[in-house]
Amino acid sequence: MTESVFELAPKTEPERQYYFMENASVLIKKREEKVGHHLSFHVTTFGCQMNAKDSEKMTGILTKLGLDEVAEETAADIVLFNTCTIRDNANQKFYGHLGTLNGKNHKNKNRIVAVCGCMMQEKTCVEKLKSSYGFVNIIFGTHNIYKLAELICLYLEKNENVIDVWDKPADIVEDIPAVRKYPFKSGVNIMYGCNNYCTYCIVPYVRGNERSRDAKEIIRECEKLAAEGVKEVMLLGQNVNSYGNRLRNSIGFPELLREVEKVNGIERIRFMTSHPKDLSDELIEVMKASSKICKHIHLPLQSGSTRILKAMNRCYTGEQYLDLALRIRKELPDTAITTDIIVGFPGETEEDVNDTIDMIRQVKYEGAFTFIYSPRTGTPAASMPGRQSKEWIKREFDRVLKAVQDESRLMAGRFLDNVEKVLVEEMNEQDDKLVTGRMSNNLMVHFPGDSSLIGKLVDVKLTEYRGFYYMGRIV
Ligand code: SAH
Ligand code: SF4
Ligand code: F3S
């Protein structure tokens, strides 16, 4: 490919990317002739559903280039890491993978290593890759993942490392090919970015400001997915309850749910994540009236202490949260509520943790993710005083964990003997006579069955509760 091929590229998206996908596949063929074998790729994804969805798009692009996906990271000719930087341990995990890839057993000078995602939006991380991991060939961020083919073209053509990280998001680019991990369920982005600036959180900095997708585009994607056999969609956003707020003449989230509900073939609708400050009574009403919206609300608490919530800039008090959670319990009694909790936020005291534990005891979550606070460079909380010692955090974390486990063991067990609709997701990992599926309330059940059931919705009687999951049989 010559300069003129870059010059000839269409200026509009996604046409431009389809052009580069064609050109990249020609360059890949040439490389295959040179190395004497068919080229393969592997994508490793860290972090949340947003990254999982982005990785499906990039897998779609890589497949379109004629590359084969392989299960082993170390065996692939093109390795792509989609990174997360929500907590420091996410970063450490990624560096661990890079180390292994370049370790003496797996070194391969012909391998192309590409890294993208949230970590790459942080200058220090890009600098670290440049200085200590020189074998990384292509670096890009969260706002231009759709350009993967173009970046691969650039790298193959010029044979020098490519760095393309954008400070700010540009237009939303639709209609990039995707290869889904599951044929029967899919995430659907309804919005990107976040404007909430919780003081501990890096997401607004690495994902940009909040942008809602056009409702028509979302419905069109759901229809397309349904036509391809998808039964369950998960509507994705950092704060789905503020969907449409910043779009002129847009419908809001409850209305969007009503529209998705009308799509024939979609039998289940999930969404992630609900910010408590924006969860409306209208949403509760829509859920009540719906036969497709799953009976599960993930409602991150973070802390039960109003003082800490204020320092976190969560924009609700402990009382307001409790009131909302109890309203959900009353109006939607079969709906499971799960949450996220942070322990060790700067200035947190034992009394604050007691407030969090009180909340857990009152809401009785079916499940909760508990995290140790991790300071993120550039966020306001990182420079707040009052960090507790490791020992203190470990002790308080264990107290919270115990409360969560006590309550969720009881609450998640309340569905015993019910007959529930279950979407069968996979063969059981331990026992090949069992399949594993997910109920509407997001709890898992294992029951006798074979691979022909995967992707089907079946009625299952819950016969045994084993603490957090069920055993059952098809009825
Ligand atoms: N948008 C979602 C959360 C996305 S991040 C929401 O507002 O609910 C997922 C979870 O990671 C958060 O709910 C929070 O509990 C946790 N988290 C985010 N930043 C963190 C940090 N710096 N340290 C520890 N946990 C963090
Ligand atoms: Fe982070 Fe808060 Fe936005 Fe969630 S709402 S992504 S925790 S800033
Ligand atoms: Fe991580 Fe980025 Fe998601 S920081 S949690 S992958 S938005």
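Here the structure is a predicted model, which means the values were calculated and not measured.

Draft legend 1. Molecular detail of the site of ligand 1. Close contacts around ligand 1 come from 15 residues, with Q238, P300, Q302, D340 and S374 the closest. A distance of 2.8 Å separates a nitrogen atom of ligand 1 from a polar backbone atom of S374. With the chains in place, 90% of the 540 Å² that ligand 1 exposes on its own is no longer accessible. When contributions to the shell around ligand 1 are tallied by element, the ones reaching two or more residues are β13 (336-343) and β14 (367-372). Along the lines of polarity and charge, the residues of the shell around ligand 1 split into 7 nonpolar, 4 polar and 4 charged.

Draft legend 2. Representation of the site of ligand 2. In the vicinity of ligand 2, the contacting residues are C194, N196, Y197, C198, Y200, C201, V203, P204, Q238, H275 and R314. Residue composition of the shell around ligand 2, grouped by class: 7 nonpolar, 3 polar and 1 charged.

Draft legend 3. Main features of the sheet that holds strand β18 (residues 457-465). The sheet built from 5 strands closes into a barrel, its strands ordered β15-β16-β17-β19-β18 with mixed pairing. Across this sheet, the average inter-strand angle for adjacent strands is 50 degrees, counted without regard to direction. Sheet topology places strand β15 (residues 419-427) next to β18; 5 bridges connect them, and they run antiparallel. When the sheet's bridge partners are listed, E420 is paired in β18 with V460.

Draft legend 4. Fine view of the nonpolar core. Core analysis: the largest hydrophobic core is formed by 65 residues, its most contacted members being V233, L235 and F253. Residues within four places of F253 in sequence aside, it is in contact with I190, L235, V240, N241, Y243, F271 and L283. In terms of nonpolar packing, the next biggest core, distinct from the first, is built from 36 residues, L62, L65, I112 and L148 among them.

Draft legend 5. Geometry of helix α3 (residues 49-64). Its 16 residues give α3 an end-to-end C-alpha distance of 23 Å, which sits within 8% of 22 Å, the value for a rise of 1.5 Å per residue. When you tally the buried positions in α3, you get 12 out of 16 residues, the bulk of the element. Buried residues of α3: M50, N51, K53, D54, S55, E56, K57, M58, T59, G60, I61 and L62, and no others. Trailing α3 by a residue or two, G66 shows a phi angle of about 90 degrees, which is positive.

Draft legend 6. Looking closely at the domain arrangement of the protein chain. According to the domain assignment, the protein chain contains domain 1 (3-164), domain 2 (185-413) and domain 3 (416-474). Of note, the centres of domain 1 and domain 2, computed from C-alpha atoms alone, are 31 Å apart. Counting residues at the interface gives 17 residues for domain 1, matched by 23 residues for domain 2. Taken over both partners, the interface formed by domain 1 and domain 2 buries close to 1,600 Å², and the fraction arising from carbon and sulfur atoms is 53%. The interface formed by domain 1 and domain 2 holds 2 salt bridges in total.

Draft legend 7. Here's a closer look at the pairing of β18. Alignment of β18 against strand β19 (residues 469-474), held across 5 bridges, turns out to be antiparallel. Along β19, the bridge assignment pairs Y465 with Y470. Connecting β18 to the next strand, β19, in antiparallel fashion are 3 residues, including G467 with a positive phi near 75 degrees.

Draft legend 8. Main features of the packing of aromatic side chains. In this structure the tally under the stated criterion is 16 aromatic pairs. Measuring from ring centre to ring centre gives 6.1 Å for Y133 and F135, while their planes differ by 70 degrees; the resulting arrangement is edge-to-face. For Y133, a relative accessible area of 17% puts it in the buried group. Residue F135 is classed as partly exposed on the basis of its relative accessible area of 22%. Seen in terms of ring centroids, Y182 and F184 are 5.4 Å apart; in terms of plane orientation they differ by 55 degrees. Their pairing is tilted. The two residues Y182 and F184 agree in class, both being buried. Put simply, the rings of F46, F81, F94, Y95, Y133 and F135 touch in pairs and so form one group of aromatic residues.

Conventions used here
- Residues numbered from 1 in each chain as written.
- Chains lettered and ligands numbered in written order.
- Predicted model: local features only at pLDDT ≥ 70, side-chain atom pairs only at ≥ 80, totals over all residues.
- Heavy atoms only, no water.
- Near = heavy atom within 4 Å.
- Polar contact = N/O pair within 3.5 Å; in protein donor to acceptor, adjacent residues only side chain to side chain.
- Areas by Shrake-Rupley, 256 points an atom, 1.4 Å probe, with all protein chains shown as cover.
- Helix = DSSP H or I, 4+ residues; strand = E, 2+ residues; numbered from the N terminus.
- Nonpolar A, V, L, I, M, F, W, Y, C, P; charged D, E, K, R; others polar.
- Pairing = 2+ DSSP bridges.
- Axes fitted to C-alpha atoms, helices over the stretch in contact; angles between N-to-C directions.
- Core = buried A, V, L, I, M, F, W, Y, C linked by side-chain atoms within 4.5 Å.
- Buried < 20%, exposed > 50% of the residue type's maximum accessible area, 1.4 Å probe, protein only.
- Contact = heavy atoms within 4.5 Å.
- Expected span 1.5 Å × (residues − 1).
- Domains from an automatic or database assignment.
- Buried area = accessible area lost by both parts, 1.4 Å probe.
- Salt bridge = Lys/Arg side-chain N within 4 Å of Asp/Glu carboxyl O.
- Phe/Tyr/Trp six-rings, centres within 6.5 Å; stacked < 30°, edge-to-face > 60°.

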